[in-house]
Amino acid sequence: MSHGTVEPMHFTRPRELIVAGLVGVVLAYLAFKFAYSSLPRLPRYAGITLVVIAAVETVLAFSIRTRIRSGRLTGAIGVARAVALAKASSLLGALMFGAWLGALVALVPRADEITAAANDLRSAIIGAISAVVLTAAALWLEHCCRTPETRDQDRDDHPTG
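Analysis parameters
Residues numbered from 1 in each chain as written. Predicted model: local features only at pLDDT ≥ 70, side-chain atom pairs only at ≥ 80, totals over all residues. Heavy atoms only, no water. Helix = DSSP H or I, 4+ residues; strand = E, 2+ residues; numbered from the N terminus. Buried < 20%, exposed > 50% of the residue type's maximum accessible area, 1.4 Å probe, protein only. Contact = heavy atoms within 4.5 Å. Areas by Shrake-Rupley, 256 points an atom, 1.4 Å probe, with all protein chains shown as cover. Phe/Tyr/Trp six-rings, centres within 6.5 Å; stacked < 30°, edge-to-face > 60°. Axes fitted to C-alpha atoms, helices over the stretch in contact; angles between N-to-C directions. Left-handed = near helix turned anticlockwise from the far one by under 90°. Nonpolar A, V, L, I, M, F, W, Y, C, P; charged D, E, K, R; others polar. Core = buried A, V, L, I, M, F, W, Y, C linked by side-chain atoms within 4.5 Å. UniProt positions renumbered as here; feature names shortened; annotations may be inferred. Disulfide = S-S within 2.5 Å. Parallel < 35°, antiparallel > 145°, perpendicular 65-115°, else oblique.

The name recorded for the chain in an unreviewed UniProt entry is DUF3180 domain-containing protein, from Amycolatopsis dongchuanensis.

Novice: In this structure, what is going on with the overall build of the chain? I would like to understand it.
Specialist: Counting secondary structure elements, the chain contains five helices and zero strands. Starting at the N terminus and walking to the C terminus, you meet the elements of the chain as α-α-α-α-α. Buried positions account for 34% of the 161 residues belonging to the chain. Considering only residue pairs separated by 6 or more positions, the chain has 83% of its internal contacts joining residues 24 or more positions apart. For the chain, the computed accessible surface area is about 9900 Å², with 66% contributed by carbon and sulfur atoms.

Novice: For this particular structure, what's the right way to read the packing of aromatic side chains?
Specialist: Aromatic ring pairs are reported here in terms of the distance separating the ring centres and the angle at which the planes meet. In total, this model carries two aromatic pairs according to the counting rule given. An angle of 55° between the planes, with centres 5.6 Å apart, marks the rings of Phe-62 and Trp-140 as tilted. Of the two residues, Phe-62 is situated in helix H2 (residues 48-70) and Trp-140 in helix H4 (residues 115-144); the sequence distance between them amounts to 78 residues. Residue Phe-62 is classed as partly exposed on the basis of its relative accessible area of 40%.

Novice: Just to check I follow, could you spell out the packing of helix H1 (residues 14-35) against helix H3 (residues 76-107) for this structure?
Specialist: Each pair of packed helices gets described by two things: the angle between the helix axes and the distance between those axes. Two numbers describe how H1 lies on H3: the axes approach to 6 Å, and their chain directions differ by 35°. For the pair H1 and H3, the sense of crossing is right-handed. Looking at the contact of H1 with H3 residue by residue, the classes come out as 16 nonpolar, five polar and three charged.

Novice: Help me out: how do you make sense of the nonpolar core in this one?
Specialist: Looking at soluble globular proteins, one finds that nonpolar side chains tend to be buried together. With 20 residues, the main nonpolar core has Phe-32, Tyr-36, Trp-100, Ala-103, Leu-107, Leu-121 and Ala-124 as its most contacted residues. Elements with a contribution of two residues or more to this core: H1, H2, H3 and H4. Tallying contributions element by element places H4 first for this core, with seven residues. With residues near it in sequence (within four places) discarded, Leu-121 still touches Leu-104, Leu-107, Val-108 and Ala-111.

Novice: In this structure, what is going on with the UniProt feature "transmembrane region" (unreviewed entry) in the chain? I would like to understand it.
Specialist: Per the UniProt annotation, the sites labelled "transmembrane region" (unreviewed entry) are residues 17-36, 42-64, 85-109 and 121-141. With 95% helix and 0% strand, residues 17-36 has end C-alpha atoms that lie 26 Å from one another.

Novice: Quick question: what am I supposed to make of the state of the cysteines here?
Specialist: Defined simply, a disulfide is a covalent bond joining two cysteines at their sulfur atoms. Applying the stated criterion to the full structure yields zero disulfides. There is no disulfide at Cys-144, and the cysteine sulfur nearest it, in Cys-145, is 7.0 Å away. The buried category is assigned to Cys-144, whose relative accessible area is 2%. A residue is classified by how much of its surface remains accessible, and Cys-145, at 5% relative accessible area, is buried.

Novice: Explain the packing of H3 against H4 here, please?
Specialist: As a packed pair, H3 and H4 sit with axes 7 Å apart at the nearest point and diverge in direction by 155°. In terms of their interaxial angle, H3 and H4 are classed as roughly antiparallel. Considering how the two elements wind past one another, H3 and H4 form a crossing that is left-handed. Here the contact of H3 with H4 is composed, by residue class, of 22 nonpolar, six polar and three charged.

The following block contains the structure:
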């Protein structure tokens, strides 16, 4: 890429989400495996923040989709910002899902021995579910920001046959 050239933004690819999730798994697993005794207790509803973000993005998605379909969309910059938000949120959701999953993998073997681990399992399960909800809402928002022409271009760029 030469200086001054801006690459067009692409929609979220599955491999980006997988990489983010794997990074989260590895980092959280290592933290919980080797430093669990020095970590604070997991707040029971820490993951719920992700659900709140997901709710906002879901409402935004339906609003944008309605405006695009009705032809009332006047500002493309708003849609571009929504796409950027969706991409960031889907990556955050994947990263956090991986982190909660890594915590679960490290905590499950200790749940019978350590009371704190059993309590933290509930928090990690709530967090993992919340991360999946955020990722789904973000991908829905991104999907709603596509124009019919974008969908046709994506099919031409990535043949299915």
